[in-house]
Amino acid sequence: MQPVIRVNWSGRGHLYSDEEVETVVRVMRNGDPLTQGKYQTQFEKDFADYAGASHAFAVSSCTAALELSALLCSLKPGDEVIAPAHTFAATVIPFARTGARIVWADIDPDTFLVNAKTIEPLINERSRVVIVVHLYGMSCDMDPIVELARKYGLLIVEDAAQAPGASYRGRKVGSIGDFGCFSFHTHKNMTTLGEGGALLVKSSEHARLVPGLRHNGMRAFTGEREDYWLPAMSDVDFDLVGVWPYNFCLGEVQCALASKLLDRLDQMNAGRSAKARRFREAMADFPELVFQKALEGCGHVHHLLPARYDGPSGRDALIRKLFREKGVKPVVQYYPLYRYPMFQRAGFGEARCPQTDRFFDSMLSFPFHHWQSEEEFNEMIAVTREAMDELRKEN
Ligand SMILES: Cc1ncc(COP(=O)(O)O)c(C=O)c1O
């Protein structure tokens, strides 16, 4: 018999306010055009201001932002890209597509993130790019990573899919490296109707190339035209010679909603953080449940609520108990990428990442979304305590 699940994962990160719904309906009714118009321009300005970045672009997903970053890194076969394996596959697929070699960096056991110590031993003369992932909503320790990148001439790509609004020593994540990639996918801290994303770009030269790469190489003809329809409506050319562009545009309805959501993002993030703090405090007398160690001076936006279970019975016994007996359904994230057939078949199956393996084999991620009810949340606290207590007694 299937257990009754009382505390489950949700497919969406947050609900919408009436004002947000009205924004969507208004642009549905009146928007003209419905893509690449004034709402895109407005959102790009709003997001650049919010993130403290010089150039922001609305894109159809974080994967699209990562694809554009990978193109702009101008990688050649044989070049190496250093990336964590403890992340979602989209972090590295765009870089693997370029023909570059993916080199896996281990995570730190306390922060669950890559850091300068795990990255530096992997750097050699072929290294070109380091990808950091601000996973679960917490910033990587960026200053030493920026120092490494300067020393060895590497570009930094920040995968901030899970961390819009997170900060590192006074700066917003995504604005620190050369590229910052954000997701507005359904489950994220802010979602533009299920899909969406943004790209922050540091260099003006890179920023100049993004509009064409994002939209099929389209641009205005240069120079005066006596007849506006000649030789054609718009020109098409390579922005990077030989690099075929994409269509990664985000529609006007989603851009208008994104601007609106930015007004509430900090407040939603604060709600997540308060809940996460409450959960950790409630588990303080169970040191076998180990949470992500916060870096000093960082604003964590708690996209998820992961923990390592170091109890003698092991993680699977805890999940089994929570799921079968207590009605809570945690999940396990993220399968180390080098264990997947896709990366193994591409020749990226080798890694020396003991902490990544250890963490994956002992972690669980509790159901956690912005609109989770107090009742469900309190229930999760109570039965998680109960389950760990019972496991202590059984061992
Ligand atoms: C760490 C990370 N990177 C990239 C992505 C891809 O985001 P999107 O679905 O917007 O392409 C996700 C989404 O789950 C993610 O969690």
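Trainee: What is the right way to read the overall build of the protein from this model?
Mentor: Per the secondary structure count, the protein includes 12 helices and 15 strands. Seen through its C-alpha atoms, the protein measures out along the principal axes to roughly 85 × 55 × 40 Å. Taking all 395 residues of the protein together, the buried fraction comes to 45%. Within the protein, residue pairs in contact and separated by at least 24 positions form 73% of the contacts whose partners lie at least 6 positions apart.

Trainee: How do you make sense of the domain arrangement of the protein when you look at a structure like this?
Mentor: How large an interface is tends to be reported as the accessible area lost when its parts come together. Entries for the protein in the domain assignment read domain 1 (18-263) and domain 2 (265-394). For domain 1 versus domain 2, the separation of C-alpha centres amounts to 27 Å. Facing the 34 residues of domain 1 at the interface are 30 residues of domain 2. Elements with a contribution of two residues or more to the side of domain 1 that touches domain 2: strand 3 (101-105), strand 6 (167-168) and helix 8 (252-282). Classifying every residue of the side of domain 1 that touches domain 2 by side-chain character gives 19 nonpolar, nine polar and six charged.

Trainee: Where do I start with the nonpolar core in this structure?
Mentor: In summary, soluble globular proteins display a tendency toward joint burial of nonpolar side chains. Grouped together as the largest cluster of nonpolar side chains are 109 residues, with contacts concentrated most on Ile 131 and Leu 199. The residues that make up this core include at least three from each of domain 1 (18-263) and domain 2 (265-394).

Trainee: Could you clarify how one ought to interpret the sheet that holds strand 14 (residues 305-309) in this entry?
Mentor: If you walk across this open sheet you meet the three strands as 12-14-15, and the pairing is antiparallel. The strands lining the two open edges of the sheet, one partner per strand, are strand 12 (289-291) and strand 15 (363-366). Adjacent strand axes in the sheet meet at a mean angle of 40°, parallel and antiparallel pairs treated alike. Across the sheet, helix 9 (residues 315-326) lies against strand 14 and strand 15, angled at about 30° from strand 15, the strand it touches most.

Trainee: Got a minute to help me understand the sheet that holds strand 6 in this structure?
Mentor: The strands making up a sheet associate through backbone hydrogen bonding, with each pair oriented either parallel or antiparallel. Ordered in space as 7-6-13, the three strands form an open sheet in which the pairing is antiparallel. Strand pairing shows two members of the sheet lacking a second neighbour, strand 7 (171-172) and strand 13 (298-299), which therefore form its edges. Of the strand pairs in this sheet, strand 6 and strand 13 are connected by two bridges, and their pairing is antiparallel. In the sheet register, Tyr 168 faces strand 13, and the bridge partner there is Cys 298.

Trainee: Explanation requested: the site of the ligand in the structure shown.
Mentor: Close contacts around the ligand come from 14 residues, with Ser 61, Cys 62, Thr 63, Ala 161 and Ser 183 the closest. A breakdown of the residues in the shell around the ligand according to their chemical character gives five nonpolar, eight polar and one charged.

Trainee: Sorry if this is basic, but what is going on with the packing of helix 2 (residues 38-51) against helix 8 here?
Mentor: The axes of two packed helices give the description: the angle between them and the distance between them. Following both chains from N to C, one finds helix 2 and helix 8 inclined at 30°, their axes separated by 8 Å at the closest point. Relative to helix 8, helix 2 is oriented roughly parallel. The interaxial crossing formed by helix 2 with helix 8 has left-handed handedness. Here Tyr 39, Gln 40, Gln 42, Phe 43, Asp 46, Phe 47 and Tyr 50 of helix 2 lie close against helix 8, whose contacting residues are Glu 252, Cys 255, Ala 256, Ala 258, Ser 259 and Leu 262.

Calculation criteria
Residues numbered from 1 in each chain as written. Predicted model: local features only at pLDDT ≥ 70, side-chain atom pairs only at ≥ 80, totals over all residues. Helix = DSSP H or I, 4+ residues; strand = E, 2+ residues; numbered from the N terminus. Buried ≥ 20, exposed ≤ 12 C-beta atoms within 10 Å, placed from the backbone. Contact = placed C-beta atoms within 7 Å. Domains from an automatic or database assignment. Nonpolar A, V, L, I, M, F, W, Y, C, P; charged D, E, K, R; others polar. Core = buried A, V, L, I, M, F, W, Y, C linked by C-beta atoms within 7 Å. Pairing = 2+ DSSP bridges. Axes fitted to C-alpha atoms, helices over the stretch in contact; angles between N-to-C directions. Near = placed C-beta within 6 Å. Parallel < 35°, antiparallel > 145°, perpendicular 65-115°, else oblique. Left-handed = near helix turned anticlockwise from the far one by under 90°.

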